[in-house]
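For reference, the chains in residue letters:
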Amino acid sequence: MVKWECYGIQVSIKNLIMKAIRSLVLIASFLIVMLPLNAQLKDIGTLMAGGPKDAQLLLQNYLKPFGNALGANLSAGWYSTAKSHNLLGFDITLTTSVAFVPEADRMFDASRLALTNSGNVAAHVSGTSSPTFAGKKEAGQEITYTYTYNSNSYEIAKYKTPQGTGLTFLPSPMLKVGFGLIKGTELMGRYVPKVGLGKFGDFGLWGVGIKHELKQYIPVLSRVPVLNISLMGGYTKMNSGANLSFTPDDLGVTVSNPPSPDTWKNQRMDLGVSNWTVNLLVSADLPIIAVYGGAGVSSSKTALKLKGNYPIPSLNETTAQVEVNPMADPIDISIEGKDGGITKPRLNAGFKLKLGLLHINFDYIYANYSVATAGFGISFR
């Protein structure tokens, strides 16, 4: 087992790595299991009552801040200095980033969406606004679907949009490693193994990045001992799955032909969020403290899939009764809002305390979805 002595304290690299991994898994498990979104999973399935087209519109608006905040977190925590590791130098850092959801993304108005209003079926929205994932813990607008036949209207589904979680911020823990190569180049990676979360689902993450020092190409600056300038780029992908439960009982109306309960087993929501970021970094690296900053761009994309069979209501015109038919794997979309699907600028500033091999860093990203990050780990130059 490799050990170093730092300020009279023996540091076991293996133990630190194992503790960091265990802590990361526990934190990630706690966040995903306890995240109030789990309380809304059943209601998320209920959005299928109006069919896949309406469900897509409602899911895009409800989950937009979740995807955007998680994407913002994935862009953070890549660096705590502009200086690259020397050849064979490395660091292992446990970071937690917290993205803040702007107030404008905490509510939406379902009546402004192009919900079904053609043919025999029409959606009617009551109320003025609905919470998004980051909104208040209160039910949203009520949506009623009616089927018109022979000048008579029949109610075939009724539900309220999901409650918000009350969370205006979203934390994301990650384990980051960096490894020094030649000529001021550092290879970086992130990884969270796929963690099963019992009946709730699962969670996993990976990422790869690279940092290269630019100071060596600028003769005047290359003589300044504490100043470092570099360019970095990184890509991160997070995959999570959540188990759903939506049956004909959740339609809000009586169904004349309920299929076997086994029809609705194995419903699942798969959510994948990817992010890439490119930044120009500057830092002043002193013996005990480093001050760093970055300016760059970031882009995120959220992919959403609903798997399994979901009950879709319709009217039997002969009996004038509501019936349901199962629809398999109805949703496969990308959520790309005006703030989540295009490239956005970002500014970052922070500092790192260096206590021998140990380091602690804090930084803040100023953007539409601002992010605060704290990190703790070991570094061997």
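Note that this is a predicted model, so its numbers are computed, not measured. (Residues numbered from 1 in each chain as written. Predicted model: local features only at pLDDT ≥ 70, side-chain atom pairs only at ≥ 80, totals over all residues. Heavy atoms only, no water.)

## Re the overall build of the protein chain
Applied cut-off: Here a strand is any run of E in DSSP of at least two residues, a helix any run of H or I of at least four, and the numbering for each starts at the N terminus. Any pair of residues with heavy atoms lying within 4.5 Å of one another is described as a contacting pair. Using a 1.4 Å probe, the Shrake-Rupley method yields the accessible areas, and only the shown protein chains count as cover for residues.
A tally of helices and strands in the protein chain yields three helices and 21 strands. When contacts within the protein chain are restricted to residue pairs at least 6 apart in sequence, long-range pairs at least 24 apart make up 70% of them. Surface summary for the protein chain: the accessible area is close to 17,400 Å², and the carbon and sulfur share equals 60%.

## So, the sheet that holds strand 6 (residues 121–126)
Remark on secondary structure: sheet strands pair via backbone hydrogen bonds, oriented parallel or antiparallel. Short version of the rule: Here, a strand pair is defined by DSSP locating no fewer than two bridges between the strands.
If you trace the four strands from one edge of the open sheet to the other, you get 5-6-8-9, paired in antiparallel fashion. Among the strands making up the open sheet, the edge pair consists of strand 5 (117–118) and strand 9 (152–160). As judged from the two bridges shared by strand 5 and strand 6, these two strands associate in the antiparallel manner. Of the residues in strand 6, the one forming a bridge with Asn117 is Ala122.

## Side note on the pattern of salt bridges
Which entries qualify depends on this criterion: One side-chain nitrogen of Lys or Arg within 4 Å of one carboxyl oxygen of Asp or Glu is enough to make a salt bridge. For the exposure calls, accessible area comes from a 1.4 Å probe over protein chains only, and a residue counts as buried if that area is under 20% of its type's maximum, exposed if over 50%, partly exposed in between.
The full count for this structure, using the stated rule, is ten salt bridges. Among the salt bridges present, the one from Lys176 reaches Glu186, with a minimum N-O distance of 3.9 Å. Within this pair, whereas Lys176 is found in strand 10 (residues 169–180), its partner Glu186 is found in strand 11 (residues 185–196), the two being separated by ten residues in sequence. Pair check on accessibility: Lys176 and Glu186 agree, each one buried.

## Some thoughts on helix 3 (residues 52–74)
The cut-off we apply is this: Across the chain, bend at a residue is computed as the angle between axes fitted to the seven residues ending at that point and the seven starting from it.
Maximum bend of helix 3: about 50°, positioned at Leu63, with proline Pro65 one to four residues after it. Among the 23 residues that make up helix 3, 17 are buried, leaving the element largely enclosed by the rest of the structure.

## A few points about the packing of aromatic side chains
The line we're drawing: Aromatic pairing here means that ring centres of Phe, Tyr or Trp (its six-membered ring) are within 6.5 Å. Orientation follows from the plane angle: under 30 degrees is stacked, over 60 is edge-to-face, and everything else is tilted. When the NZ atom of lysine or the CZ atom of arginine is within 6 Å of a ring's centre and also within 35 degrees of its normal, the charge is said to sit over that ring.
Summed over the entire model, instances satisfying the criterion amount to six aromatic pairs. Lying across the ring of Trp78, Arg190 places its NZ or CZ 4.0 Å from the centre.

## Quick word on the side chain of His85
Here His85 lies in the loop between helix 3 and strand 3 (90–100). When neighbours within four sequence positions are excluded, His85 is seen to be in contact with Phe90, Asp91, Gly178, Phe179, Gly180, Leu181, Thr185, Glu186, Ser379, Phe380 and Arg381.

## Digging into unusual backbone geometry
Positive phi is not limited to glycine here, since Leu88 has a value of about 75°. By the secondary structure assignment, Leu88 is in the loop between helix 3 and strand 3.

## Some remarks on the confidence of the model for the protein chain
Here is the rule: For every residue, the predictor assigns a confidence score, pLDDT, that lies between 0 and 100.
Here the protein chain averages 85 in pLDDT, and 85% of its residues register 70 or above. Within the model, the stretch residues 1–11 combines pLDDT values under 50 with 26 contacts to residues more than four positions away or in other chains. Predicted confidence for residues 337–341 stays below pLDDT 50, and this span has twelve contacts to residues more than four positions away or in other chains.

## With respect to the pairing of strand 15 (residues 289–307)
Pairing between strand 14 (residues 268–285) and strand 15: 18 bridges, direction antiparallel. Bridge pairing links Val282 to Gly293 in strand 15. Here ten bridges tie strand 15 to strand 19 (residues 344–355), and the two strands are oriented antiparallel to one another. The partner of Ile289 across the bridge, within strand 19, is Leu353. Direction of pairing for strand 15 relative to strand 18 (residues 331–335): antiparallel, over a ladder of five bridges. Looking at the pairing, Leu304 lines up with Ile333 of strand 18.

## Structural notes on the pairing of strand 14
Here strand 13 (residues 227–243) runs beside strand 14; their pairing, made up of 17 bridges, is antiparallel. Across the sheet, the residue bridging to Asn228 is Ser283, located in strand 14. What sits between the antiparallel neighbours strand 14 and strand 15 is a turn of three residues.

## Things to note about the side chain of Thr165
Applied cut-off: Two N or O atoms count as a polar contact when they lie within 3.5 Å, although within protein this holds only if one can serve as hydrogen donor and the other as acceptor, and sequence-adjacent residues are included solely when both atoms are side-chain atoms.
Tracing the chain through its elements places Thr165 in the loop between strand 9 and strand 10. By relative accessible area, which is 2% here, Thr165 ends up buried. At 2.7 Å, the side chain of Thr165 forms a polar contact with the backbone oxygen of Phe133. Among the polar contacts made by the side chain of Thr165, one reaches the main-chain amide nitrogen of Leu167 at a distance of 3.1 Å.

## Notes on the environment of Leu227
Its place among the elements puts Leu227 in strand 13. Taking the C-alpha atoms as reference, Leu227 lies 9.9 Å from Ala290; in sequence the two are 63 residues apart. Excluding its chain neighbours within four sequence positions, the residues that come into contact with Leu227 are Lys215, Leu221, Val282 and Ser283.

## Focus on the environment of Tyr149
Within the secondary structure, Tyr149 sits in strand 8 (residues 142–149). Distance in space between the C-alpha atoms of Tyr149 and Asn120 is 7.0 Å, their sequence separation being 29 residues. Here Tyr149 is in contact with Tyr154, Leu315 and Glu317, once residues within four sequence places are set aside.

## Describing the environment of Phe100
Relative to the helices and strands, Phe100 is located in strand 3. Discounting residues that sit within four places of it in the chain, Phe100 has contacts with Thr168, Phe169, Asn368, Tyr369, Ser370 and Ala372.

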